[in-house]
Structures are given as C-alpha cells and as structure tokens.
Amino acid sequence: MGDHPLDPVRVELTMALARQLGVLDRPGVAVERAEAATDEMLATVHDPDYIAVVKAASTGRRVALMGLGTTDNPTFAGMHEASALIAGATRRAAEAVWRGEAGRAVSISGGLHHAMPGRASGFCVYNDPAVAIKRVLDLGAERVAYVDIDVHHGDGVQEIFYDDPRVLTISLHESPRTLFPGTGFPDETGGPGAPGSAVNVALPPGTDDALWLRAFHAVVPGVLRAFSPQLLFTQCGADTYRHDPLANLWLTVDGQRAAYLALRDLAEEVAGGRWVASGGGGYALVECVPRAWTHLLAVLTGEPLDPALPIPQDWLDLATARRPDHPLPETMTDGGSTDWTPWIPGDTPSQVDRAIMATRNAVFPFFGLDPHDPRD
C-alpha cells in the first residue's frame, strides 16, 4: 500500500488510545475477534463477477478493471482477505445488535461506503455498511436508518439501497461541487420504489462546528423521527476535521464528539437504543482520527470522555514511533466550541442555511413534514 492515505496505523493508534484511557476495559464491553465475510455474504450486495476479480487481484495478478488497479484502489496481496474481514466485522456488529446480544456495537475499521456492487471506488473494495444492513434486513428488519457523517458523500450505500423503502440513507458531506465523489446533491431523494429514502445535505467548504451542527439538527432528527427506524447505523468518518489533508470542512475533534453524542441520543429516541457505528474516512492519522474515534468508542460504551483529558505518554511514544513526522495532540480537545444556533426559516444569509433549505425542500414533504416549520 506504500503511502496510501487509508493507512491502517490510524486504527492501531485508535485502539491503543482507547485502551490506555480505559475505554475498552469498561464493564460490559467485549472486544470480539472478527471473522471474514464469505463470498455468499459479500454477494448479498456485490456482483459475483466483481468478487472473483478482487480475489484474483489478491493473489498478485495484475488487474486494472472494475475500479481496481487505480491510484485510489491499488491492488495488493491479500486485498480480498483484508476487505472481507472488515465486512465480516461490521456484519457481525449489526447482527449482534439486531439479535439483542448487544445494545450497541462498533466496527471501527469499517465504513467503506464508496464501494459499488460491481466496482471499487474511493479506497473502498467491499461496502461493509451495506453488507451489514442487508444482513439485518434478511433477519427481518423493516426499517433501517443509515446516517453518514463522513466528509464524502455515502454514495455506495445510497446506490445499493436507492430503491429500497426499508432503508433510509442520510448523508452530510462537503458539496459534490468541490469534493469526490461528485454526488450527493439534495435532489437525489430515492428511486421510483422508494421516494424520500435518500437525504443529502451538501455543505460548503469551510463549514465549522457550529454550522455543521446547525445543519445536522435542522435535518436529521426530524427525518429520523418520521421514519422511525428499528436500528440506526452510523458511518463516522473523521475526515471532516479542519486539518484533514483530503477535504475542506472545518470541524474540530470537539465538533465530532458533539456529533457522536447527538447520534447516541437519536438512537435512544428513535431506535430503542439499537445503534451500530463504523469508522470511515480520516487522514489526519495522528492529530485527529485516534482522538475522534476514541471519543466515539467512549460514547458507544458508556460515559463520554472529558475533552480536557491529557493524552497518555505511552500513546505519544507509540505515535512518534509509528509516524514521527506528524504533529502530536496534547489533550482530547482542540478547544473548539460546540455551541450552535438553531436554523430559522425565512432569510438564508449563509451558504449553510441555503443548503439546509435545499435539503428540507427536497425531502421533507415525503415524510409529511413542513420544510419551513423549524419544529419539524
């Protein structure tokens, strides 16, 4: 993989930080060893021919088709096995929550939301969120909500379930006019068989914590309440960070932590607490991702961490050894403010307010909601 942005060191550093801060040792927390998804499991959302090509490329054969062999998705030995393992972990997390074996579950290395049924895309080979959601549907779920807070549009998950009224996909992301994958406009609202099943909030570059949270609260709670999901799946990419090298939103770790708390509260309110989360993007490998996802793990497993907590020296030593050229955070906060003002209809003075209005106009009527009523 060389210097590919999707560096697994971010997961190693996340788990190390969570462990050193005691998050993984909390009562009732179990860390399961994942099993790889079988070809049959993958084929619930992926074309068998595509799976065969991925497997062939994983043996060292040179492959340049179906999105593979590109700069974003280079082939490498063991690619199928690694990708199937992630899919298996996320699938198992969703299965455990649906069956009542756990109230909440997380697959921190998952969230590979760009993979399409028949091609790789955007660093993603197999679409583990879609595999997991399909498993829950096969087990009898009638309504599953997917909320994607990665900086990039959750295009693969949307595509796979675009005509399935059982799955509501909500994505808040940087505008497709300025960022990959170029989709996720407000008028993408679901296929003929599932009108209103796709909700897209396209935010302008430079959106900060307060404006992002305003947009989230102006759209997501109302739609989720109207849809009334039986399970909430969230993709929690950390590449909304203000110093992420691949995108242009301006959130702090504090804003990301506030998003996780809001998602937790919504899962409790609308889905009986049934919450499955995954990671996703995030390329500030040392500065942001481990802190953001440790906050996510803390919110999922119990009490949120105090943002003022200092970073343990053992973790700083590990991070220095793994990535000596990356800046080291000192605490679990960036000092960001998570105060936000609610959206008010009428004047739309900012680009964010206009984005909110565009999304509400596009999808709220499908749910019997008034786009201009802030109570909806």
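All residue numbers refer to position in the chain's written sequence, counted from 1. Since the coordinates come from a predicted model, pLDDT governs what is reported: local features require at least 70, and pairs of side-chain atoms require 80 or more to be given and counted, while whole-chain, interface and lining totals use all residues. To get the side-chain values, all heavy atoms of the structure are used, and hydrogens and water are removed first.

## Some thoughts on the packing of helix α8 (residues 253–270) against helix α9 (residues 289–301)
So, step 1. Angles here are taken between N-to-C directions and fall from 0 to 180 degrees, while the axes themselves are lines fitted to C-alpha atoms, restricted in helices to the stretch in contact. Helix numbering and strand numbering both begin at the N terminus, where a helix is a DSSP run of H or I of at least 4 residues and a strand a DSSP run of E of at least 2. Where α8 meets α9, the axes come as close as 9 Å, and the angle between the chain directions of the two elements is 25°. As summarised for this structure, α8 and α9 are arranged roughly parallel, according to the angle between their axes. You can see that α8 and α9 cross each other, and the crossing is right-handed. In contact with V253, Q256, R257, Y260, L261 and R264 of α8, α9 contributes R291, A292, W293, H295, L296 and V299.
So, step 2. The residue classification treats Ala, Val, Leu, Ile, Met, Phe, Trp, Tyr, Cys and Pro as nonpolar and Asp, Glu, Lys and Arg as charged. All others, Gly included, are polar. Here the contact of α8 with α9 is composed, by residue class, of seven nonpolar, two polar and three charged. Roughly parallel covers angles under 35 degrees, roughly antiparallel covers those over 145, roughly perpendicular covers 65 to 115, and oblique covers all other angles. By the definition used in this description, the sense in which the near helix is turned from the far one sets the handedness, with an anticlockwise turn below a right angle giving left-handed and a clockwise turn giving right-handed. Note on definitions: a residue-residue contact is assigned when non-hydrogen atoms from the two residues lie within 4.5 Å.

## Side note on the pairing of strand β4 (residues 198–203)
So, step 1. Three labels apply to residues, based on accessible area from a 1.4 Å probe with only protein chains included: buried if under 20% of the type maximum, exposed if over 50%, partly exposed otherwise in between. In terms of burial, β4 is a largely internal element, six of the six residues being buried.
So, step 2. Burial along β4 is two-sided: A198, N200 and A202 and V199, V201 and L203, pointing in opposite directions, are all buried.
So, step 3. Strands pair, by our definition, only if DSSP identifies at least two bridges between them. As judged from the six bridges shared by strand β3 (residues 167–174) and β4, these two strands associate in the parallel manner. Residue I170 lies in a different strand from β4, and its bridge partner there is V199.

## Comments concerning the pairing of strand β6 (residues 275–278)
So, step 1. Side chains W275 and A277 of β6 all project onto a buried face; the interleaved residues V276 and S278 project onto the opposite face, where all are buried too.
So, step 2. Bridge count between strand β1 (residues 104–107) and β6: four bridges; the pairing is parallel. Its bridge partner being in β6, A105 is matched across the sheet by V276.
So, step 3. The sheet contact formed by strand β5 (residues 231–235) and β6 spans four bridges and is parallel. From the neighbouring strand, F233 faces β6, where its bridge partner is V276.
So, step 4. As a crossover connection, the stretch from β5 through α8 into β6 is right-handed. The definition of a right-handed crossover adopted here requires that, viewed with the strands pointing away, the path from the first strand over the helix to the second runs clockwise.

## Observations regarding the side chain of S107
So, step 1. Checked against the element boundaries, S107 lands in strand β1.
So, step 2. Overall, the relative accessible area of 5% leaves S107 in the buried class.
So, step 3. Contacts described as polar in this section are N or O atom pairs within 3.5 Å, which, within protein, must combine one atom able to donate a hydrogen with one able to accept it, while residues neighboring in sequence count only if both atoms come from side chains. Among the polar contacts listed, one links the side chain of S107 to the side chain of T90, at a separation of 2.8 Å.
So, step 4. Every residue in contact with S107, bar those within four places of it in the chain, is listed here: I86, A89, T90, A277, S278 and G279.

## Notes on helix α4 (residues 79–98)
So, step 1. By definition here, a helix of n residues has an expected span of 1.5 Å times n minus one. Between its first and last C-alpha atoms α4 spans 29 Å; for 20 residues at 1.5 Å apiece the expected length is 28 Å, and the two agree.
So, step 2. Where α4 terminates, the next one or two residues include G100, which has phi positive at roughly 80°.

## Some details on the sheet that holds β3
So, step 1. Spatially, the six strands line up as an open sheet ordered β1-β6-β5-β2-β3-β4, and their pairing is parallel. Looking at the sheet topology across the chains shown, the edges are occupied by β1 and β4. Here the average twist between neighbouring strands, direction ignored, is 10°.
So, step 2. Sitting on the sheet, α8 touches β1, β2 (144–148), β5 and β6, and the angle it makes with β6 is about 150°.

## Here we look at the nonpolar core
So, step 1. To define a nonpolar core, start from buried Ala, Val, Leu, Ile, Met, Phe, Trp, Tyr and Cys residues and group those joined through side-chain atoms within 4.5 Å. Counting 79 residues, the largest nonpolar core has W212 and L224 as the members making the most contacts within it.
So, step 2. Contacts of W212, omitting those with residues within four sequence positions, involve I149, L172, L203, T207, L249, L251 and A259.

## Observations concerning the pattern of salt bridges
So, step 1. The rule for a salt bridge is simple: a side-chain nitrogen of Lys or Arg has to be within 4 Å of a carboxyl oxygen of Asp or Glu. In this structure the tally under the stated criterion is 18 salt bridges.
So, step 2. Of the charged contacts, one joins D353 and R214 as a salt bridge, the two residues approaching to 2.8 Å between their closest N and O atoms. Here the residue D353 occupies a position in helix α11 (residues 351–363), and R214 occupies one in helix α7 (residues 209–227), the gap between them amounting to 139 residues.
So, step 3. Looking at D353, the relative accessible area reads 5%, which means it is buried.
So, step 4. A residue is classified by how much of its surface remains accessible, and R214, at 15% relative accessible area, is buried.
So, step 5. Of the charged contacts, one joins D265 and R264 as a salt bridge, the two residues approaching to 3.0 Å between their closest N and O atoms.

## Examining helix α5 (residues 128–138)
So, step 1. The element α5 is largely enclosed, with a buried count of nine among its eleven residues.
So, step 2. Residues D128, P129, A130, V131, A132, I133, R135, V136 and L137 constitute the buried set of α5.
So, step 3. Buried residues along α5 sit against α2 (39–42), α4, β2, α6 (155–160), β3 and β5.

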